[in-house]
Amino acid sequence: MDRRTVLKGLAGAGSLALTGGLSAPAIAQGAAARTLRFVPQANLANFDPIWGTQYVVRNAAAMVWDTLYGIDSSFRPQRQMVESEEVTDDGTTWTFKLRPGLKFHDGEPVLSKDVVASLTRWSARDPMGLMIKALQQELTAVDDRTFKWVLKQPFPKLLYALGKNNSPCSFIMPERIAQTDPFKQISEYIGSGPLKFAKSEWVPGAKAVFEKFADYSPRQEKSSWLAGGKQVMVDRIEWVIMPDPATAAAALQNGEIDWWENPIADLVPVLKKNKNINVDIGDPLGNIGSFRMNFLYPPFNDVKARRAVLMALSQEDYMRAIVGDDNSLWKPLPGYFTPDTPLYTEVGGEILKGKRDLDAAKKLLAESGYSGQPVTCLVAQDQPITKAMGDVTADLLKKLGMNVDFVATDWGTVGSRRAQKTPPGQGGWNMFHTWHAGADCVNPAPYTAIRANGDKAWFGWPTSAATEKEVASWFEAKNIDEEKAAIGRLNKAAIDDVVYAPTGFFLSYTAWRKNVSGVAKGPLPFFWGVSKSA
Amino acid sequence: MLSYILRRIVATLPVMAIVALFVFSLLYIAPGDPAVVIAGDQASPEDVERIRQSLGLDRPFLVQFGSWVWRILHGDLGTSIFTNLPVSAMIGQRLGPTLSLMIVTLLLTIVVAVPLGVVAAWKAGSLIDRVIMGFAVFGFSLPVFVVGYMLAYIFALELEWLPVQGYTPRAQGFWPWLENLILPAVALGCVYIALVARITRAAMLEVLQQDYIRTAKAKGLGQGGILFIHALKNAAVPIVTVIGIGIALLIGGAVVTESVFAIPGLGRLTIDAILRRDYPVIQGIVLLFSFVYVLVNLMIDVVYTLVDPRIRY
């Protein structure tokens, strides 16, 4: 018996004497073992995966809502809610049949009309969905389990779009919920996934609870990311929101939580020393650091100025500022695509390799006509990653002889200011820092940041006809060889025009108690297959 | 007295109106945009604009302010932009933990700080006085989060006496409720204890030099009776004042304490709302806090009449 038990006993007795009541009974060990307590990367502030596209929402939604297809660890879409599909020879008409016995959490069967409404809502918000919508002739329910999608021309990546894990995923909801305006939030959280959302227990900013859905019928195949049999091994999953990493680390060591999604690098050595804790890379697809330059205004409206910055930047400096001295956590990235994935390429990436040539960069900058005007650099100080990168960039620009207007602010302000197209001195900007999940950079489909279609492109509004041409080539590619060739050309074009500046590839850890097993590596935390012993 | 209380309550209305206008204006001109946060990092500018329109954030200032005031007058604090839940319900969810933390901290402070201040005044200039005042300086100087981490390390990680984090509602038992509040209350209470102990000492020093104390001593009253019955009651007005002011400190300190100990209270709700620019939630919380502050000041004024019969309203 330890002192804490004695204290509890004394206090319990005191409480009994004072209040005449009984303390709540302790949770039985078996029940505790059936509850997995998880600290997510961020607060689950809303729970509509189409309206709010934050990763944390997607991660929670993947438990509650199922998808027609699911991407596996080989990046291939596998059938999930779908039993079979047929496509006409011209590739324009797809007919899908749903698996029998699929049910929503309210007990209603999943029908084709639910799928049609869900896909309609999703395709209004998702970049791939919008592309499909532009080609769509009709999307209709044929019968309760069959639906048909007719396109004006083939879209070879259709199944990938339906199974991708990038936000927003094409989650299937009941028709009455899916008919909500995609720009307005839903208020019912009914899915057909392996876990139910306990709305009554949701305390946004503190706790979210998911309960095992007894009527879920998992596929028979082995689970792999969003594909295969989603077997839930615990009765209840509690998401505990902890804004303070030190508290999360202490709670994990103390056994008050079971799994911490993303411990910060500073605390990992402490966790690794604890014999009750496993620490490993959580998401092998990692992240790509970046800063974007505004193509609309000098100096970065000139490709020479952008290339000068690229020529001078040292990715090692950026990566060490983010992850410290742990060399296993970062890689140089002479390109735009996620390392160790099928389409990874370094074609055209020479400018980012080898010894940095500051003198040549200065010369190129001078050729661009840069004459000392302030460069407004937005840096969110409340995000450790952007703060670290911002400090390195400020130093880099000064070394290049640029006049840096360093705007230290918070992420909320960067988020709104980066959308301003006004000149830098009038509320606009010249550069801002961010990072991209590696899962979003495995191919051009979910990769908004690589697009260079000017006014329609992501913030910075890059224009590069060559880049856009190769994005289209990838979408039209009929096999992996064609895809690889297109991606090689795309990488070169994007680097030549400096669509954005990649600052390197970095990974992060995840940590869990040793009585938890089945934690899989992947782009999001997968809760199926995870079990916990007492 | 009753008419005084009513007059004071009525007088809070213009104060609240000014607070409301100030908060709304401040948020309107502050940089940042909730639509951007909602839309996510990959959203297009058009998506952000659509969301802004659906939230009504594209409307002119006066229209937004007018509709907010209209709702407030109907007892509706609005709906959170992010959670789609009523602000009053969100505040209701968070009120229990914050109130619990403040009550335990307040009790701890009064139980510890007042006797410490009294003893320090009684033994003024002695080693005991210096030790107590040294502790007060220590309590003042250490930030709440540093004390919090130290306590969590010693009492949760090393000794394993208490949990690191979390909150258990009172309905689930007294000890489960209390064990989660001990470390946060001590961390939050340090500054407060230091403040109250110093004020108590100063007030007591003044009172202990009064003639009636000398008379009490001459009559042969015991030291305890002199200190705690005769002297403390007469020194109570400044002590009550500083305890009241301290409640404002507690509200501020709760923000940090609740983050360090992962307590799902109003402090964390405030921070989350500010970082995401969840305007209705920020406005609701600030209104609530300002109302509480006005109410606490009123309570202090009422308590004055109880501790000093000469005070009449």
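Residues numbered from 1 in each chain as written. Chains lettered and ligands numbered in written order. Predicted model: local features only at pLDDT ≥ 70, side-chain atom pairs only at ≥ 80, totals over all residues.

Q: I would appreciate a short explanation of the overall build of chain B in the present structure.
A: Helix and strand content of chain B: 13 helices and zero strands. Secondary structure of chain B in N-to-C order comes out as α-α-α-α-α-α-α-α-α-α-α-α-α. Principal-axis analysis of the C-alpha atoms places the extent of chain B at approximately 85 × 55 × 35 Å. A burial count over chain B gives 39% of its 313 residues as buried. Within chain B, contacts between residues at least 6 apart in sequence are counted, and of these 72% link residues at least 24 apart. (Helix = DSSP H or I, 4+ residues; strand = E, 2+ residues; numbered from the N terminus. Buried ≥ 20, exposed ≤ 12 C-beta atoms within 10 Å, placed from the backbone. Contact = placed C-beta atoms within 7 Å.)

Q: Would you mind showing me how to read the interface of chain A and chain B here?
A: Reports often express the size of an interface as the amount of accessible area lost when the parts come together. Taken together, the contact between chain A and chain B spans 46 residues of the former and 51 residues of the latter. For the side of chain A that touches chain B, the elements supplying multiple residues, two or more each, are α1 (3-19), α8 (245-253) and α14 (411-417) of chain A.

Q: Honestly, the packing of helix α1 (residues 2-29) of chain B against helix α13 (residues 279-307) of chain B in this entry has me stumped. Any pointers?
A: The relative placement of two packed helices comes down to the angle between their axes together with the axis-to-axis distance. Residues and elements named next belong to chain B. The interhelical angle for the contact between α1 and α13, taken along N-to-C directions, is 150°, at an axis separation of 9 Å. If you check the angle between α1 and α13, you find them roughly antiparallel. The hand of the α1/α13 crossing is right-handed. Of α13, the residues touching α1 (which contributes I5, R8, T12, V15, M16, V19, A20, V23, F24 and L27) are Y279, I282, Q283, V286, L287, S290, F291, V294 and L298. By residue class, the composition of the contact of α1 with α13 is 15 nonpolar, three polar and one charged. (Axes fitted to C-alpha atoms, helices over the stretch in contact; angles between N-to-C directions. Parallel < 35°, antiparallel > 145°, perpendicular 65-115°, else oblique. Left-handed = near helix turned anticlockwise from the far one by under 90°. Nonpolar A, V, L, I, M, F, W, Y, C, P; charged D, E, K, R; others polar.)

Q: Looking at this structure, how should I read the environment of L101(B)?
A: All names here are of chain B. Secondary-structure assignment places L101 in helix α5 (residues 87-122). For L101, a count of 27 C-beta atoms within 10 Å corresponds to the buried category. The spatial distance from the C-alpha of L101 to the C-alpha of A273 is 20 Å, given a sequence separation of 172 residues. Each residue touching L101, except ones within four places of it in the same chain, is listed here: L181, P184, A185, L188, A254, T257, I263 and G265.

Q: How should I be thinking about the environment of M81(A) in this particular structure?
A: Residues and elements named next belong to chain A. The topology assignment puts M81 in the loop between β3 (77-79) and β4 (82-87). For M81 and K399, which are 318 residues apart along the polypeptide, the C-alpha to C-alpha distance reads 55 Å. Dropping the residues within four chain positions of it, M81 is found in contact with D66, T67, L68, L98, R99, L102, V110 and I172.

Q: Explain the pairing of strand β17 (residues 431-437) of chain A to me, please; I cannot follow it from the model alone.
A: Both faces of the sheet carry side chains from a regular strand, because those side chains alternate between them. Residues and elements named next belong to chain A. Counting buried positions along β17 yields seven of seven residues, so the element is predominantly enclosed. Alternating positions in β17 separate into two faces, M431, H433, W435 and A437 on one and F432, T434 and H436 on the other, with burial throughout. Pairing of strand β15 (residues 374-380) with β17, which is carried by two bridges, proceeds in the parallel orientation. The residue bridging L378 from the neighbouring strand is F432, located in β17. (Pairing = 2+ DSSP bridges.)

Q: How should I be thinking about the sheet that holds strand β5 (residues 93-98) of chain A in this particular structure?
A: Strand pairing in a sheet is mediated by backbone hydrogen bonds. Such pairs are either parallel or antiparallel. All names here are of chain A. Strand order in the open sheet formed by four strands is β4-β5-β7-β6, and the pairing between neighbours is antiparallel. The sheet terminates laterally at β4 and β6 (136-143), the two strands that pair on one side only. Across this sheet, the average inter-strand angle for adjacent strands is 15°, counted without regard to direction.

Q: Where do I start with the environment of V471(A) in this structure?
A: All names here are of chain A. Among the structural elements, V471 can be located in helix α15 (residues 465-476). When the 24 C-beta atoms within 10 Å are taken as the criterion, V471 is described as buried. Remark: the alpha-carbon pair of V471 and F171, spanning 300 residues in sequence, is separated by 26 Å. Apart from the residues within four sequence positions on either side, V471 is in contact with P444, R451 and L490.

Q: Which parts of the structure should I look at to understand the confidence of the model for chain A?
A: The predicted structure's coordinates, where accompanied by low pLDDT, should not be read in detail. Taken as a whole, chain A shows an average pLDDT of 92; of its residues, 94% reach a score of 70 or greater. This stretch, residues 1-29 of chain A, has a pLDDT under 50; its non-local contacts, to residues over four places away or in other chains, come to 26 contacts. (pLDDT = per-residue confidence, 0-100.)

Q: Just to check I follow, could you spell out the sheet that holds strand β13 (residues 287-293) of chain A for this structure?
A: Residues and elements named next belong to chain A. The six strands are arranged β14-β18-β13-β17-β15-β16 in an open sheet whose pairing can be described as mixed. The sheet is open, and its two borders are formed by β14 (330-331) and β16 (403-409), each paired with just one other strand. Sheet topology note: the β14/strand β18 (residues 501-506) ladder contains two bridges and is antiparallel. Along β18, the bridge assignment pairs W330 with F506.

Q: Any chance you could explain unusual backbone geometry here in plain terms?
A: What you tend to see is this: most non-glycine residues have negative phi, and most peptide bonds are trans. Here S167(A) and P168(A) are connected by a cis peptide whose omega angle stands at -5°. By the secondary structure assignment, P168(A) is in the loop between α6 (158-163) and α7 (175-178). Omega for the peptide link from P298(A) to P299(A) comes to 0°, which places this bond in the cis form. As for its position among the elements, P299(A) is in the loop between β13 and α10 (303-312). Positive phi, close to 55°, is recorded for E160(B), a residue that is not glycine. Following the sequence through the fold, E160(B) ends up in the loop between α7 (144-158) and α8 (174-208). When the 14 C-beta atoms within 10 Å are taken as the criterion, E160(B) is described as partly exposed. A positive phi angle, near 60°, is found at R277(B), a position not held by glycine.

Q: Honestly, the pairing of strand β7 (residues 146-151) of chain A in this entry has me stumped. Any pointers?
A: All names here are of chain A. Of the two faces of β7, only one is covered, namely that formed by F147, W149 and L151; the face formed by T146, K148 and V150 stays uncovered. Pairing of β5 with β7, which is carried by five bridges, proceeds in the antiparallel orientation. The residue bridging K97 from the neighbouring strand is T146, located in β7. Across six bridges, the pairing between β6 and β7 is antiparallel. Counterpart to L139 in the pairing with β7 is W149. Where β6 folds back onto β7 in an antiparallel hairpin, the turn is made up of two residues.

Q: What should I look at first to understand helix α4 (residues 112-123) of chain A in this one?
A: Think of an α-helix as 3.6 residues a turn; residues three or four steps apart then line up on the same face. All names here are of chain A. Taking 1.5 Å per residue, twelve residues should reach 16 Å; α4 reaches 16 Å between its end C-alpha atoms and fits that length. Counting buried positions along α4 gives nine out of twelve residues, so the element sits mostly inside the fold. Of the residues making up α4, those classed as buried are S112, D114, V115, A117, S118, L119, R121, W122 and S123. Buried positions along α4 lie against β5, α5 (127-135), β6, β7 and α7. (Expected span 1.5 Å × (residues − 1).)

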